[in-house]
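Remarks on the overall topology
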Amino acid sequence: MIWSVSTAKIFEQCQRKWFFKTQFSNSNPKTRDLERRRAYLLGKLQSISAWRGNVVDQILSKQVLPAFERGWSISEHKAIAAAMSLFDKQLEIGRLHRLHEAGFNPSDDADFVAFYDLEYKGLLAEQEVERARDEVKRALSAFFSMDDLIERLRTANRLITQRSLSFAHADASVRAVPDVLVFKGSSAPTIIDWKVHVFGWRDAWLQLAVYATALAHCEPHKDFPVPTNQFRETDIELLEVQLLRGTIRTHNLAEEHFHRADAFIARTAESMTLALDGMNGKAWSLPRTDFPVTRYAGACQSCPYRSICWEITS
Ligand code: SF4
């Protein structure tokens, strides 16, 4: 079973949502099981606010940081222009809402976006779209105003963005995808996590602790300038960059934090394994009603699987 912080958080919020996302969805366009295909398509739905964070991530990881690494110049103006172009392109695709068109396959278009509000409310709140546009600009402006961070990124030996790291934890395979790994000389690397939230996420430390554990425990990748398994989790610098506030928070985690993160992985992975009832690999065939609905009243209001869930909930 593949474990990640985000799937563990979903499991804790709603087991049925976790089942739809991690076990039941089938991305194969040729599958004859239309309900499983439907779950996969619904899983593509996202809020405007999550999408605008993705636009910022994409510009930083695919344009700004690669330019820094190659020693090319890239101005704030150019980055924002690229972001606006991506924003408008994806918005146009999202407005078409082709999700349920026969023969349509989201994975054929790297810029495919589907909006939750179009699926469930039939419209996009234009004020929210414009706020998202402003926040993308604000986040990138804030990034370019962080001189010390930019200097560190420009002078690094290697910047690796969105790299999937994994390590074994009992029967689970823990997967972590840090936003940026910064390597400089023979020092322990730094992990950067971009946050595009108005309010901070109180569990950011947990996510960063899992990232650091994954980096220290995974098989070092061929393109890592130094073997990362020579470092301990506590050696790795952890930065949470709040792009809408223009602030950087250094998480100085102690052994105790890593023990707590380890206990969280163990507890949630065991609960997930029990929920799968020994059917790992074929758990999609379990009755959907075996997975309890959420106890949190507000969770369904933003859940992409609402339609298939409510059809089976009496
Ligand atoms: S609609 Fe509610 S109960 Fe159903 S899967 Fe989503 S969050 Fe869970």
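Details of the structure are given in the entry above.
What you see is a predicted model; the values in this text were computed from it and never measured.

Next up on the list: the side chain of Q23. Summarising the element assignment, Q23 is placed in helix α2 (residues 15-24). Taking the relative accessible area as the measure of exposure, Q23 reaches 14% and is therefore buried. Within the structure, the side chain of Q23 is placed 3.2 Å from the side chain of T22, a separation counted as a polar contact. In this view, Q23 contacts W18, R36, L276, A283 and W284; residues no more than four positions away in its chain are not counted.

So, on to the side chain of S4. Here S4 shows up in the loop between β1 (2-3) and α1 (5-13). Separated by 3.3 Å, the side chains of S4 and S6 make a polar contact. Side-chain polar atoms of S4 contact the side chain of T7, separated by 3.0 Å.

The subject of this paragraph is the site of the ligand. Taken together, C14, K17, V293, T294, C300, C303, R306, C309 and W310 are the residues near the ligand. Take the shell around the ligand: its biggest share by element is three residues, from helix α11 (residues 306-312). For the shell around the ligand, the per-class residue count stands at six nonpolar, one polar and two charged.

Let us now look at the packing of aromatic side chains. Note on aromatic pairs: each is described by the distance of the centres and the angle between the planes. Enumeration over the complete set of coordinates arrives at 16 aromatic pairs. Where F20 meets F24, the ring centres are 5.9 Å apart and the plane angle is 70°; that geometry is what we call edge-to-face. Linking F20 with F24, this pair stays in helix α2, spanning four residues, or about one helical turn. Here the two residues F20 and F24 agree in accessibility, since each one is buried. Ring centres of W51 and F115 lie 5.2 Å apart, and the angle between their planes is 80°; this geometry places the pair in the edge-to-face category.

Time to look at the sheet that holds strand β10 (residues 247-250). Read across the sheet, five strands follow the order β4-β7-β8-β9-β10 without closing on themselves; strand pairing throughout is mixed. The sheet is open, and its two borders are formed by β4 (158-161) and β10, each paired with just one other strand. Taken pair by pair, the neighbouring strands of this sheet meet at an average axis angle of 20°, ignoring direction. Note: β4 against strand β7 (residues 180-183), four bridges, orientation antiparallel. Across the sheet, T161 pairs through a bridge with V180, a residue of β7. Docked against the sheet, helix α4 (residues 48-70) engages β4, β7 and β8 (190-195), running at close to 165° with respect to β4.

Parameters and conventions
- Residues numbered from 1 in each chain as written.
- Predicted model: local features only at pLDDT ≥ 70, side-chain atom pairs only at ≥ 80, totals over all residues.
- Heavy atoms only, no water.
- Helix = DSSP H or I, 4+ residues; strand = E, 2+ residues; numbered from the N terminus.
- Buried < 20%, exposed > 50% of the residue type's maximum accessible area, 1.4 Å probe, protein only.
- Polar contact = N/O pair within 3.5 Å; in protein donor to acceptor, adjacent residues only side chain to side chain.
- Contact = heavy atoms within 4.5 Å.
- Near = heavy atom within 4 Å.
- Nonpolar A, V, L, I, M, F, W, Y, C, P; charged D, E, K, R; others polar.
- Phe/Tyr/Trp six-rings, centres within 6.5 Å; stacked < 30°, edge-to-face > 60°.
- Pairing = 2+ DSSP bridges.
- Axes fitted to C-alpha atoms, helices over the stretch in contact; angles between N-to-C directions.

Everything listed here is a matter of geometry and, on its own, says nothing about what the molecule does.
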